[in-house]
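Structural description and commentary
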Amino acid sequence: MPENTPRTPSTAPAHHPAPTPTAPVSERIPAATASAAPARAGGPESATAHARVAAPGAAPTPGPAAAPAPASGHEAAPVGVAAPGVAPGRTGGPGGDGPAPASAPGPAAAPAGHGAASPGAPGPEAAPVAVGAPGYRAVFAVREFRFVFVAHLFSLLGVVVSELALTVLVYDLTKSPLLSSLTFALGFLPYLLGGTLLAGLTDRLPPRRILVVCDLVCAGCVAVMAAPATPVAVLLALRCAIAVVSPVFNGTRMATLADILGEGDLFVLGRSLLRIVSQSALLTGFAAGGVLLTLVPPRGALVVTTATFLASALLLRLGTARRPARGTDSPGLSGTLAVLRNRRVRALMLMFWVPPLFAVVPEALAAPYADEIGVSTAALGLLMCALPVGTIAGELFAGSFLSAATRSRIVLPLAVAGVVPYLLYGPRPGVALAAVALFLAGATGAYTLGLDAWFVAAVPEEQRGRAMTLMTAGMMTVQGVGMAGAGVAAEFAPVHTVVAGTGVLGTLCLLAAAVELRATGGGDRKARRG
């Protein structure tokens, strides 16, 4: 199940045509997944090289700057050899931000009961030791991540096809546009419920079990949807059930990535890859689903979706190591409040939540704006694609060419500037200038990589699953609020004025969020000390 599971229709004023369903930006705006000085000892990972700590008993390679031998039996690159994706001989990473020392401390080996693989279970593959920025290829060198990545592809395919097929099915049964669009909106409403009430399960139960069970629950719900006798009310209830477990799945997977890849640069790049895949689904997913529906009826497409969820569950069960639960705190609201009492974590969550609240506005009003300026459906498609294309471009550039230290430095400037391009809507621009504004706004999403690193470093490991579940649930919820607010505002003002006003109001709110975040410690103190 991808992080931006629900895709909802944009909220449009009654006097405008209904817009095309848009995807939330949870993968685009974490920082968008997942991200200032830490609130706990250890702080964010150093911007220099990272190395796994060998398990007890593993013999280190001789030499003054030798890398520890891997605990799981996999080969680790010796210090001085560039990680995959890094040109040999370079010590400053693709960003060229200065030389990195020969070795640097990485994430400490997880203690028993806190994310370490159980004895006797297939151990996770150690993340390669890298000098400088490792690059995306280094992430794929980790076997467990490859399984998680492919499972994400299957799960994402299942979500896209099921949403489209379910919308068509409900419309065929009821001929009601309201009920048809409600199948998308129901993806938002239960998200907050599942994210707050069930977040504690992510730290109290073994993570692999949670991931597999969530996929099986989704497969079971979709299988019942595909049954010919399932009434509309049950279809909508099952859609709600999928939305309830989605934040639990996403938060658990995000926390598990930190176990698989460590808390450093590989984790940041792994999260970035999952977001890029989800954004790419905006460009291709609904088109593929539409083609499928020309070949099979909606219930047949739901059968295909069931198979994709089962494939995801199988990949996660066979391809990831068994790890014990991280913590034993209360599964209810008391544990949630314990996380939110940490001012640093609250400030980071705020920085995750404020950008998507405003970023969704031009997408939510894309169809009404196309109608306002009198352009074709093809032009509407360009407006819908511009923001995700910009997001993908920004993430790829930051992950491929900027060092961890540089990505940390640009977090607050890019985050605050995220909706400034919306001011270009003020003079009611044509399609070309509007698309440029959306592309630029999407490209500022490159700040999410640095924010991911801050977030995973600030949250205590025993609370990591709960905190990440709360963060993703909040992001989905504020996007629903933003879409609804955009529709209400467009009832009383022209669309271009609403979008430009969003640029002003959003920038002011982001400035306030940035000030609060800096007050909790600023940037990556550990990197500065290094």
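If you're wondering where the values come from, they're calculated on a predicted model, not measured in any experiment.

Counting its secondary structure elements, the protein chain contains 21 helices and 2 strands. Per-residue burial over the protein chain gives 58% buried out of 530 residues. Roughly 18,800 Å² of accessible area belongs to the protein chain as shown, and the carbon and sulfur atoms make up 70% of that amount.

Turning to the nonpolar core, a few remarks are in order. As a rule of thumb, soluble globular proteins bury nonpolar side chains together. Of all hydrophobic cores here, the largest spans 122 residues; its most connected members are L261, F267, M351, L451 and F455. Counting residues in hydrophobic clusters, the runner-up holds 5 residues, among them A366, A367, A370 and M384.

Once that is clear, we can look at the packing of aromatic side chains. Ring pairs (aromatic) are described by centroid distance and by the angle formed between their planes. The full count for this structure, using the stated rule, is 6 aromatic pairs. Relative to Y425, the ring of Y369 has its centre 5.0 Å away and its plane inclined at 55°; by these criteria the two rings are tilted. Here Y369, found in helix 13 (residues 366-373), pairs with Y425, found in the loop between helix 16 (411-416) and helix 17 (431-443); they are 56 residues apart in sequence, far enough to count as distant. Owing to a relative accessible area of 1%, Y369 belongs among the buried residues under this scheme. On the accessibility criterion, Y425 (3% relative accessible area) is buried. Here the aromatic cluster, defined as three or more aromatic residues joined through ring pairs, consists of F140, F145 and F149.

Turning next to the side chain of R299. Considering the arrangement of structural elements, one finds R299 in helix 9 (residues 298-319). In terms of polar contacts, R299 uses its side chain to reach the backbone carbonyl oxygen of A227, at 2.7 Å. Once residues within four sequence positions are removed from consideration, R299 is found in contact with L169, L173, M225, A226, A227, P228 and T230.

Let us now look at the side chain of T472. Tracing the chain through its elements places T472 in helix 19 (residues 464-490). A polar contact of 3.0 Å, which involves the side chain of T472, links it to the backbone oxygen of T469.

Taken together, the side chains of L283, V389, L424, L433, V436, F439 and L440 present a nonpolar region at the surface, about 510 Å² in accessible area. Mapped onto the elements of the fold, L424 is located in the loop between helix 16 and helix 17. The exposure class of L424 is partly exposed, given its relative accessible area of 34%.

Time to look at the environment of P388. Looking at the secondary structure, you find P388 in helix 14 (residues 377-401). For P388, a relative accessible area of 0% corresponds to the buried category.

Enumeration over the complete set of coordinates arrives at 9 salt bridges. R326 is the salt-bridge partner of D259, the closest N and O atoms lying 2.7 Å from each other. With D259 in helix 7 (residues 232-261) and R326 in the loop between helix 9 and helix 10 (333-340), this pair connects stretches of sequence that are 67 residues apart. For R326, a relative accessible area of 1% puts it in the buried group.

A few words on unusual backbone geometry. One non-glycine residue, R428, adopts positive backbone phi at about 55°. One can find R428 in the loop between helix 16 and helix 17. Its relative accessible area of 44% is what places R428 among the partly exposed residues.

Residue placement: E516 occurs in helix 20 (residues 495-519). What makes E516 partly exposed here is its relative accessible area of 26%. Sequence separation between E516 and M351 is 165 residues; the distance between their C-alpha atoms is 9.3 Å. Reaching out from E516, the side chain makes a polar contact with the side chain of R343 at a distance of 2.8 Å.

This paragraph deals with helix 18 (residues 447-458). Here helix 18 is 12 residues long and its end C-alpha atoms lie 17 Å apart, about the 16 Å a rise of 1.5 Å per residue gives. Burial within helix 18 is extensive, with 12 of its 12 residues counted as buried. Within the span of helix 18, buried status applies to Y447, T448, L449, G450, L451, D452, A453, W454, F455, V456, A457 and A458.

Two numbers describe how helix 11 (residues 343-359) lies on helix 18: the axes approach to 10 Å, and their chain directions differ by 155°. Accordingly, the angle class assigned to the pair helix 11 and helix 18 is roughly antiparallel. Every pair of crossing elements has a handedness; the one defined by helix 11 and helix 18 is left-handed. Seen from helix 11, the contacting residues are R344, V345, L348, M349, M351, F352 and P355; seen from helix 18, they are Y447, L451, D452, W454, F455 and A458.

Quick look at the packing of helix 4 (residues 189-197) against helix 7 now. Axes are the key here: two packed helices are described by the angle between their axes and the distance separating the axes. Close contact between helix 4 and helix 7 brings their axes to 7 Å; oriented N to C, the two are set at 45°. Classified by the angle between their axes, helix 4 and helix 7 sit oblique to one another. Helix 7 is crossed by helix 4, and the crossing has right-handed handedness. Mapping the contact onto sequence places P190, Y191, G194 and G195 in helix 4 and C240, A243, V244, S246, P247, V248 and N250 in helix 7.

Within this structure, the stated rule accounts for 0 disulfides. With no disulfide of its own, C218 has C221 as its nearest cysteine by sulfur position, at a separation of 6.4 Å.

Moving on, we come to the confidence of the model for the protein chain. Considering every residue of the protein chain, the mean pLDDT works out to 76; 70% of them sit at 70 or more. Segment residues 4-132 is flagged for pLDDT under 50; beyond a separation of four residues in sequence, or across chains, it makes 373 contacts in the model. In this model, residues 524-530 is a region of pLDDT below 50 whose contacts with residues beyond four sequence positions or in other chains number 17 contacts.

The rules behind the values
Residues numbered from 1 in each chain as written. Predicted model: local features only at pLDDT ≥ 70, side-chain atom pairs only at ≥ 80, totals over all residues. Heavy atoms only, no water. Helix = DSSP H or I, 4+ residues; strand = E, 2+ residues; numbered from the N terminus. Buried < 20%, exposed > 50% of the residue type's maximum accessible area, 1.4 Å probe, protein only. Areas by Shrake-Rupley, 256 points an atom, 1.4 Å probe, with all protein chains shown as cover. Core = buried A, V, L, I, M, F, W, Y, C linked by side-chain atoms within 4.5 Å. Phe/Tyr/Trp six-rings, centres within 6.5 Å; stacked < 30°, edge-to-face > 60°. Polar contact = N/O pair within 3.5 Å; in protein donor to acceptor, adjacent residues only side chain to side chain. Contact = heavy atoms within 4.5 Å. Patch = residues over 30% accessible without salt bridge, like charges linked within 9 Å, V, L, I, M, F, W, Y side chains within 5 Å. Salt bridge = Lys/Arg side-chain N within 4 Å of Asp/Glu carboxyl O. Expected span 1.5 Å × (residues − 1). Axes fitted to C-alpha atoms, helices over the stretch in contact; angles between N-to-C directions. Parallel < 35°, antiparallel > 145°, perpendicular 65-115°, else oblique. Left-handed = near helix turned anticlockwise from the far one by under 90°. Disulfide = S-S within 2.5 Å. pLDDT = per-residue confidence, 0-100.

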